Amino acid sequence: MIKYFTIENNFFGENSPKKLLDTYGSPLYVYNEQILRRRCQDMLSLVSYPKFIPSFSTKANSNVKLLQIIKEEGLYADAMSPGEIYVLESAGFRPEEIFFIPNNVSKEEMSYAIDRGILMSADSLSQLETFGQINSGGSVALRLNPGIGIGHHKKVITAGLDTKFGINLEDVEIAKDIISKYNLNLVGLNQHIGSLFLDSTPFIESVKNLLDIARGFKNLQFIDFGGGFGIPYRKQSGENPLDLKQLGTRLTSIITSWARDYGQDILFKIEPGRYIVAESGILLGTVHSIKENGGITYIGTDIGFNTIMRPVLYDAHHDIEVYRDGNLLPSGKNDKKVTIVGNICESGDIISKDIELPNIKLGDIIGIIDAGAYGYSMASNYNNRLRPAEVLIENGGQTSLIRRRDTLDDLLRNFTLT
Ligand SMILES: *Cc1c(COP(=O)(O)O)cnc(C)c1O
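### Digging into the environment of Ile70
- With respect to the secondary-structure elements, Ile70 resides in helix H3 (residues 64-72).
- Residue contacts for Ile70: discarding those within four places in its chain leaves Leu36, Cys40, Phe56, Leu75, Ile276 and Val277.

Structure below.
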């Protein structure tokens, strides 16, 4: 059984989960700087083609401290909204390092990026038209829908026939007309076919497709293949990671020969989100109740779906670990089937159903593994719950608070009470 990120592998440094919760409260997001940096480096060295840059997809995790680390490692970043642009700039990203890839934005939101000198990609003919009206003569990229989609759940497949994203290939000629009507400078093409692939074949196919289309455009400065690089969420059952070496080799050979034919120096980009941050985060929570209902053992925790949405939203699996007295409880013969639930008033508030775990007691600590991506960034105040704090285990082993827990006052902050 593979357990990459347990206490044995020193995810928590010198701090036991118990000590972390005693210090910072429960529930708590804990991040490991070393793992984060390593994942950045994996992506930076994915291909051996000189002009290649991974651009971190901010929506996976927008903690400013983590963004600073990602920037330090040399990645660029993608933003979906003015809010993400704002946060990226405060983390130190320069305008030319930010790519705005919005979906269905207003003129004002487009202007927010344009005024800052941030390049934007148009996601539809109508958004391209709007962009032309407000920024005639400006530079723009096009998000194409290459007709191939992939993903771990239908909600995260973002290309193919059944999606709201991108400009369809049959509309490319119309897009070219709009570009010349407004005298726009088309500098790049981008795509994003979906999230979480562990087999790189469909991704490679989509790369080839996009490159075929790109041949029909002159003077492109970059081509961006999107994100979706998966991580193994089922490590405890031996799921293998993405074969980056194989993917990198295939990608290198495809882009190198394409660039030679194109005859122009061109930058290639990817947009990993999950791959960069997922494995660097564990969500810790506490067991407050244990009960039997209809033959099912419910382990009641403070990890409601306001702290982590993925299980409820996508039926997503996270491996789970149990800690007691500072130690990991080993799984084995005494394992019992249990259902781990949160503290939100909805029957759907289930983190993991029917899983085998060691015999759990009140006060035990639950660790939700691989929670760094789409964890905190999707957290909410539903049920007027306070969003958790976030803590970083730094390279030296010391911990630092990188976002405080919400306070009760935060719940009233936006009201205009008289
Ligand atoms: C969400 C998103 C990504 C990142 O997806 P991951 O699966 O986290 O790598 C990249 N590009 C776009 C346009 C996205 O919407």
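### A closer look at the pattern of salt bridges
- Tallied over the full model, the rule gives 22 salt bridges.
- For the salt bridge of Glu279 with Arg39, the shortest nitrogen-to-oxygen distance reads 2.8 Å. With Glu279 in the loop between helix H10 (274-277) and strand S11 (281-293) and Arg39 in helix H2 (residues 33-44), this residue pair connects regions lying 240 residues apart in the sequence.
- Taken together, the shared-partner salt bridges in this structure form one network comprising Arg39, Asp42, Lys235, Glu279 and Asp370.

### Points about the packing of helix H5 (residues 107-115) against helix H6 (residues 125-134)
- At a closest axis distance of 10 Å, the pairing of H5 and H6 adopts a crossing angle of 60 degrees. Here H5 lies oblique to H6, going by the angle between them. Considering how the two elements wind past one another, H5 and H6 form a crossing that is right-handed. Every residue of H6 that contacts H5 at Lys107, Met110, Ser111 and Ile114 is listed here: Gln127, Thr130, Phe131, Gln133 and Ile134.
- The class makeup of the residues in the contact of H5 with H6 is four nonpolar, four polar and one charged.

### Points about the pairing of strand S18 (residues 389-393)
- Summarising burial for S18: five of the five residues are buried, a large majority.
- On S18, burial covers both faces: Ala389, Val391 and Ile393 on one face and Glu390 and Leu392 on the other are all buried.
- Relative to S18, strand S1 (residues 28-32) runs parallel, the two sharing five bridges. In the strand pairing of S18, Tyr31 is matched with Leu392.
- Between S18 and strand S19 (residues 399-403), which follow one another and run antiparallel, lie five residues, and Gly397 among them has a positive phi close to 105 degrees.

### Things to note about the site of the ligand
- Within the structure, the ligand sits among 13 residues, and Lys59, Ser195, Glu271, Arg274 and Tyr374 are positioned closest to it.
- Between the ligand and Lys59, the relevant distance is 2.7 Å, taken from an oxygen atom to a side-chain nitrogen or oxygen of the residue.
- Between the ligand and Gly273, the relevant distance is 2.9 Å, taken from an oxygen atom to a main-chain nitrogen or oxygen of the residue.
- Within the complex, 96% of the 390 Å² of free accessible area of the ligand lies under protein.
- Considered class by class, the residues forming the shell around the ligand number three nonpolar, six polar and four charged.

### A short note on the packing of aromatic side chains
- Evaluation of the coordinates by the stated rule reveals 13 aromatic pairs.
- Ring geometry for Tyr29 against Tyr31: centres 6.2 Å apart, planes inclined by 10 degrees, an arrangement best described as stacked.
- For Tyr29, a relative accessible area of 0% puts it in the buried group.
- Ring geometry for Phe99 versus Phe222: centroids 5.3 Å apart, planes at 85 degrees, classification edge-to-face. Taken as a pair, Phe99 in strand S4 (residues 98-100) and Phe222 in strand S9 (residues 222-224) lie far apart in primary sequence, 123 residues in all.
- What makes Phe99 buried here is its relative accessible area of 1%.
- Among the aromatic side chains, those forming a connected cluster through ring pairs are Tyr49, Phe225, Trp258, Tyr262 and Phe268.
- Above the ring of Phe93, the side-chain terminus of Lys71 is found at 5.9 Å from the ring centroid.
- If you follow Lys176 out to its NZ or CZ, it ends over the ring of Phe217, 4.6 Å from the centre.

So, how was this worked out
- For every chain, the first residue of its written sequence is number 1, and the numbers climb from 1 along that sequence.
- It should be noted that, the model being predicted, local features are given only for residues of pLDDT at least 70 and side-chain atom pairs only at 80 or more, the latter also being counted only at that level, while totals for whole chains, interfaces and linings use all residues.
- In computing side-chain values, all of the structure's heavy atoms are included and hydrogens and water are not.
- A run of DSSP states H or I qualifies as a helix once it reaches four residues; a run of E qualifies as a strand once it reaches two. Both are numbered from the N-terminal end.
- Two residues qualify as a contact provided that any one of their heavy atoms is within 4.5 Å of a heavy atom in the partner residue.
- Every case where a carboxyl oxygen of Asp or Glu lies within 4 Å of a side-chain nitrogen of Lys or Arg is listed as a salt bridge.
- Only the contacting stretch of a helix is used when fitting its axis, a line to C-alpha atoms as for every element, and angles between N-to-C directions run 0 to 180 degrees.
- By the definition adopted for this analysis, an angle is roughly parallel if under 35 degrees, roughly antiparallel if over 145, roughly perpendicular if from 65 to 115, and oblique otherwise.
- By convention, the crossing between two helices is left-handed when the near helix turns anticlockwise from the far helix through less than a right angle, and right-handed when the turn is clockwise.
- Basically, the charged four are Asp, Glu, Lys and Arg, the nonpolar ten are Ala, Val, Leu, Ile, Met, Phe, Trp, Tyr, Cys and Pro, and anything else, Gly included, counts as polar.
- We call a residue buried when its accessible area falls under 20% of the maximum for its residue type, exposed when it is over 50%, and partly exposed in between, using a 1.4 Å probe and counting protein chains only.
- Two strands are counted as paired when DSSP detects at least two bridges linking them.
- Any residue with a non-hydrogen atom lying within 4 Å of a molecule or strand is treated as near it.
- Pairs of N or O atoms are called polar contacts if they sit within 3.5 Å, as long as, within protein, a hydrogen donor faces a hydrogen acceptor (for residues adjacent in sequence, only side-chain-to-side-chain pairs).
- Only the protein chains shown count as cover for residues, with accessible areas throughout obtained via the Shrake-Rupley method and a probe of 1.4 Å.
- Two rings from Phe, Tyr or Trp (for Trp, the six-membered ring) form a pair when their centres sit within 6.5 Å of each other. Planes less than 30 degrees apart are called stacked, planes more than 60 degrees apart edge-to-face, and all others tilted.
- Consider the ring centre and the ring normal. A charge sits over the ring if Lys NZ or Arg CZ is within 6 Å of that centre and within 35 degrees of that normal.

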